[in-house]
Amino acid sequence: MIESLDLSMVNWARGTFALTAMYHWIFVPLTLGLSFLCAFFETIYVRTGNPQWKTLTRFWMTLFGINFAIGVATGIILEFEFGTNWSNYSWMVGDIFGAPLAIEGILAFFLEATFFAVMFFGWNRVSQKFHLFSTWMVAVGSSLSALWILVANGWMQYPIGMSFNPETARFEMQDLWAVISSPVAISHFVHATSSGFLLSSLFVLGISSWYLLKKRHIEFAKRSIAVACVFGLLSSCFVAFTGDEHAYITARTQPMKLAAMEALYDGGLPTGLAVIGLINPEKKPGDHKDAFFYKIEIPGMLTLLAKRSFQGFVPGINDLVYGNPTQGIVGVGEKIARGKQAVANLSAYKRASATGDKPAAEAALSRFDQDQKFLGYGYLNAPEEAVPSVLLTYYAFRIMVMLGMFFILLFVVYIYLMEKNRLEEKTFILKLGVASLFLGWVASQAGWVVSEVGRQPWAIQGLLPVSIARSNLDSGTVMVTFFLFLTLFTALLIAELKIMVKQISIGPEGE
């Protein structure tokens, strides 16, 4: 059956999922952060009784609501795609992947749905304290939703807490707590949510800076910037800290992704970090071409980041693909051979079980158990297939990191100018603040590219390649849905932007 699959469909299915996820990721981080900013604004209003903070809260809450509605629409489509384009994936790991999604629906959506209406329509209908409580519950619900989604995604990056059932050819959950407490899931959650807080701070900063440039809603803009700068500076510092921790965990759990992030082909002891460089797009694993046309490198820094010391070997792409016996690294070629043995022994076990040949079935199962952990590699055809796009992963990672450093500096400058009461006269800085709103989205999307492109060719790291996870559809069918979704999502994005721009041009009520 595998031989009859239309492999060009895989790329269309990848493209459709990437398209949906990237559109969805435009809205999600803004929802995560704006919900907490609205809660902060309303808390200040309740504590001070100043109606200007109420006006401010209601304005940003309106923009939050517009963004929330479009985010839900794209998120639902994303989940349906697991059934349409990735049905083998759903069959093989649905017991595990479905659990966090179900918990998200029961807990997070329930929490958000319960208090969302009170937050938007409860002004002057419920008490101030209950309304504030509802706003905080929506913020907590948004983060809980992200938690369960990222637990599911973390399991795909680092599958633990499960076992393979040879009777059904499915992976089944054995330890829910191991899945939830996975270091990859936790680092994904804290890094993604803090980056959402950062993006929302840039969103408030950018729009408020535009008001200052236009000499409109001056006091409103200053109050918004003051809160957004503090929230943004704390968030951006936390993003840098969690990003470093995330890279450290990636070095242990997904060394190929780290090697692609650094365009590191040959590991070393210690290994330098290429701070910036122009990589050679013609470079292939195993050849003798230089990986970089030029680079600026800090000696030993990559080893320090990956090992927390200057001791220890950081493997490169060639070490992982072709093996490095000196460092005890098994190459992908050997893993493929053992994976194909596992596939063959699993088939032998199924045939023997079907004919009632118990001794033959037990013998095949025993052989299968020896190579089971390489099962996914049995569906690769060449060791080089295990290498993700180095070009895309490397540059996306640097764009994300450089913009992250820039945002920290931007918030510091804004806070300094606010403290000196000179922000309004600095038009260049205000224009930079407006532009940074869009740069925030660029950094957010770049982070998503590093995370998802860097783990290719795997749907489930080391267990299930995307070529096997797909549905048995022809490429034409998936291609049509790709362009349908592209049209639909673009229309939704244009609609949201029009509504947002109109609401921003109107400004806060009562100002």
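Calculation criteria
Residues numbered from 1 in each chain as written. Predicted model: local features only at pLDDT ≥ 70, side-chain atom pairs only at ≥ 80, totals over all residues. Heavy atoms only, no water. Helix = DSSP H or I, 4+ residues; strand = E, 2+ residues; numbered from the N terminus. Rg over C-alpha atoms; globule rule 2.2 N^0.38 Å. Buried < 20%, exposed > 50% of the residue type's maximum accessible area, 1.4 Å probe, protein only. Contact = heavy atoms within 4.5 Å. Areas by Shrake-Rupley, 256 points an atom, 1.4 Å probe, with all protein chains shown as cover. Lys, Arg positive; Asp, Glu negative; His and termini not counted. Charge placed at Lys NZ, Arg CZ, Asp CG, Glu CD. Expected span 1.5 Å × (residues − 1). Bend = angle between axes of the 7 residues up to and from the residue. Arc of directions from axis to C-beta. Polar contact = N/O pair within 3.5 Å; in protein donor to acceptor, adjacent residues only side chain to side chain.

Undergrad: How do you make sense of the overall build of the chain when you look at a structure like this?
TA: For the chain, the helix and strand inventory stands at 16 helices and six strands. Over its C-alpha atoms the chain spans a radius of gyration of 25 Å, differing by no more than 12% from the 24 Å that the globule rule assigns to 511 residues. Across the 511 residues in the chain, those meeting the buried criterion constitute 53%. A separation threshold of at least 6 residues defines the contact pool for the chain, and within that pool the share at least 24 residues apart is 78%. Counting only carbon and sulfur atoms, one obtains 66% of the accessible surface of the chain, whose full area is about 22700 Å². Of the charged side chains in the chain, 37 are positive and 36 negative, and the gap between their average positions amounts to 8 Å.

Undergrad: Help me out: how do you make sense of helix α1 (residues 8-48) in this one?
TA: One full turn of an α-helix is made of 3.6 residues, so residues set three or four places apart face in the same direction. Spanning 41 residues, α1 covers 61 Å between terminal C-alpha atoms, matching the ideal 60 Å at 1.5 Å per step. Along α1, the sharpest change in direction is near 30 degrees and occurs at W25; proline P29 comes one to four residues later. Just downstream of α1, G49 is the residue with a positive phi angle, here 75 degrees.

Undergrad: How should I be thinking about helix α12 (residues 358-371) in this particular structure?
TA: The first and last C-alpha atoms of α12 sit 20 Å apart over 14 residues, in line with the 20 Å expected at 1.5 Å per residue. Here α12 has its buried residues at A361, A364, F368 and D371. Buried positions in α12, seen along its axis, are confined to an arc of 90 degrees and lie on one side of it. Exposed residues pointing more than 90 degrees away from the buried face of α12 are listed as K358, P359 and Q370. Capping the start of α12, D357 holds a side-chain oxygen 3.3 Å from the backbone nitrogen of A360, two or three residues further along.

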